[in-house]
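Spelled out from the first residue to the last, the chains are:
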Amino acid sequence: MQIDWLELSATGSKATAELASLILIEAGSPGVEETQNGRLRAFLKPAEKASLEKLKHRLSLIGWTVKIRPFRDKNWLEEWKRFVKPVRIKPLFICQSLTRAHIPPGYIPVEIEPSMAFGTGTHPSTRLALKAMVWLFSSAQKENPSVLDVGTGSGILAICAKKLGAHRVVATDIDELALRVARKNARKNKTPLRITAKPLPQIRGSFSLVVANIIKDVLLSLSEGLVCRTKKGGHLVLSGLLREDVEEIVRGFSSLSVSPVRRFALKEWVAVVMKKP
């Protein structure tokens, strides 16, 4: 029997699910599905044993285990795209194809390539970051803001910021694959962004809105830089947090003289909006 794909079922902590998804995509999976029980389902073309062992090792470093079995389906990539449904966070309508989608009246279309599953808008942490951004833009707290998106991934937050009216948007990520995906998505959406591999300490200037959808430990390690890049009177949106992470994040950032102003929650995930005086 010809093996067209290998099916991977990965299990680990929800706090590192997006990082595990990124590792699977970097290994060659066209997408990653998060199942109802919290597992990650991905597919790879058959690879050498050494490549699979390297993948297992990378996942084990963040506490994830993976089971692999043969899967025969020549049309899997098209089947995968059926999993990715449009996301509505008014006024944003995030979909995989503007040519096939019916854009509801009053919505702003955003096209994100579904084969790059990290940052398609479906994960709760991404949805919460988007809700927080929409609230800041629509509540007149941000008029034509400048935005910094740290750990941009697919570029979805930066692209949405531009579509919501930001006059200047900078997106940064240390991962080359993420940068390529972000640039591709920015071109699709005709949104002029500055997308850079520079780490946070090398980003110049300050921004009226800084967004970071990253796991708790990374947010804490970047806290001084995130606050430093935020203008006086500006806001921080911190997402990628589990409920049990929130108080530690609030304490850590409050010690740097920023204050929480609102929380957004979905299931076990939370995003915190903080303001710099």
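Residues numbered from 1 in each chain as written. Predicted model: local features only at pLDDT ≥ 70, side-chain atom pairs only at ≥ 80, totals over all residues. Heavy atoms only, no water.

Student: Before we move on, can you summarise the nonpolar core with the specific residues and values?
Tutor: Generally speaking, a soluble globular protein has its nonpolar side chains buried in company with each other. Of all hydrophobic cores here, the largest spans 38 residues; its most connected members are Ile94, Leu130, Met133, Val147, Cys160, Leu209 and Val237. Looking at which element gives the most residues to this core, the answer is helix H4 (residues 124-138), with eight residues. Among all residues touching Val147, those that are not within four sequence positions of it are Phe137, Ala161, Ala166, Arg168, Val169, Val170, Phe207, Leu209 and Val211. With 23 residues, the next largest nonpolar core counts Leu226, Ile249, Phe253 and Val258 among its residues. (Core = buried A, V, L, I, M, F, W, Y, C linked by side-chain atoms within 4.5 Å. Buried < 20%, exposed > 50% of the residue type's maximum accessible area, 1.4 Å probe, protein only. Helix = DSSP H or I, 4+ residues; strand = E, 2+ residues; numbered from the N terminus. Contact = heavy atoms within 4.5 Å.)

Student: Lay out the packing of aromatic side chains with the relevant residues and their values.
Tutor: A ring pair, where both rings are aromatic, is described by two values, the distance of the centres and the angle of the planes. Counting across every chain of the model gives two aromatic pairs. Ring geometry for Phe93 versus Tyr107: centroids 6.3 Å apart, planes at 75°, classification edge-to-face. A residue pair is termed long-range when its members are at least 10 positions apart, and Phe93 in strand S6 (residues 92-95) and Tyr107 in the loop between S6 and strand S7 (108-111) qualify at 14 residues. There is no split in this pair, since Phe93 and Tyr107 are both buried. In this structure, Arg88 is placed above the aromatic ring of Tyr107, and the distance from its NZ or CZ to the ring centre is 5.8 Å. (Phe/Tyr/Trp six-rings, centres within 6.5 Å; stacked < 30°, edge-to-face > 60°. Lys NZ or Arg CZ within 6 Å of the ring centre and 35° of its normal.)

Student: How would you explain the packing of helix H1 (residues 17-26) against helix H2 (residues 49-61) if you had to name every residue and give the values?
Tutor: Packed helix pairs are specified by the crossing angle of their axes together with the interaxial distance, meaning the distance between the axes. Close contact between H1 and H2 brings their axes to 10 Å; oriented N to C, the two are set at 165°. In this view, H1 runs roughly antiparallel relative to H2, as classed from their interaxial angle. For the pair H1 and H2, the crossing hand works out as right-handed. Mapping the contact onto sequence places Ala20, Ile23, Leu24 and Glu26 in H1 and Leu55, Arg58 and Leu59 in H2. Here the contact of H1 with H2 is built from residues that sort into five nonpolar, no polar and two charged. (Axes fitted to C-alpha atoms, helices over the stretch in contact; angles between N-to-C directions. Parallel < 35°, antiparallel > 145°, perpendicular 65-115°, else oblique. Left-handed = near helix turned anticlockwise from the far one by under 90°. Nonpolar A, V, L, I, M, F, W, Y, C, P; charged D, E, K, R; others polar.)

Student: Please provide a residue-by-residue account of the pairing of strand S9 (residues 168-172), values included.
Tutor: Burial analysis of S9 places four of its five residues in the buried class, the great majority of the element. In the sheet, strand S8 (residues 146-150) pairs with S9 via five bridges, with the strands oriented parallel. Bridge pairing in S9 links Val147 to Val169. Once you follow S8 into helix H5 (residues 156-164) and on to S9, the crossover reads as right-handed. Sheet topology places S9 next to strand S10 (residues 194-196); three bridges connect them, and they run parallel. Residue pairing for S10: Thr172 is matched across the bridge by Thr196. (Pairing = 2+ DSSP bridges. Right-handed = clockwise from strand over helix to strand, strands pointing away.)

Student: How would you explain the pattern of salt bridges if you had to name every residue and give the values?
Tutor: Scanning all chains against the criterion turns up eight salt bridges. For Glu53, the salt bridge goes to Lys56, with nearest N and O atoms at 3.8 Å. With a gap of three residues between them, Glu53 and Lys56 both fall in helix H2, about one helical turn apart. The partly exposed category is assigned to Glu53, whose relative accessible area is 39%. The salt bridge partner of Arg263 is Glu247, with a shortest N-O separation of 3.0 Å. With a gap of 16 residues between them, Arg263 in strand S13 (residues 259-266) and Glu247 in helix H9 (residues 246-254) connect regions that are remote in the sequence. With a relative accessible area of 45%, Arg263 lands in the partly exposed category. What emerges from the salt-bridge pattern is a single network uniting Glu7, Arg41 and Arg69. (Salt bridge = Lys/Arg side-chain N within 4 Å of Asp/Glu carboxyl O.)

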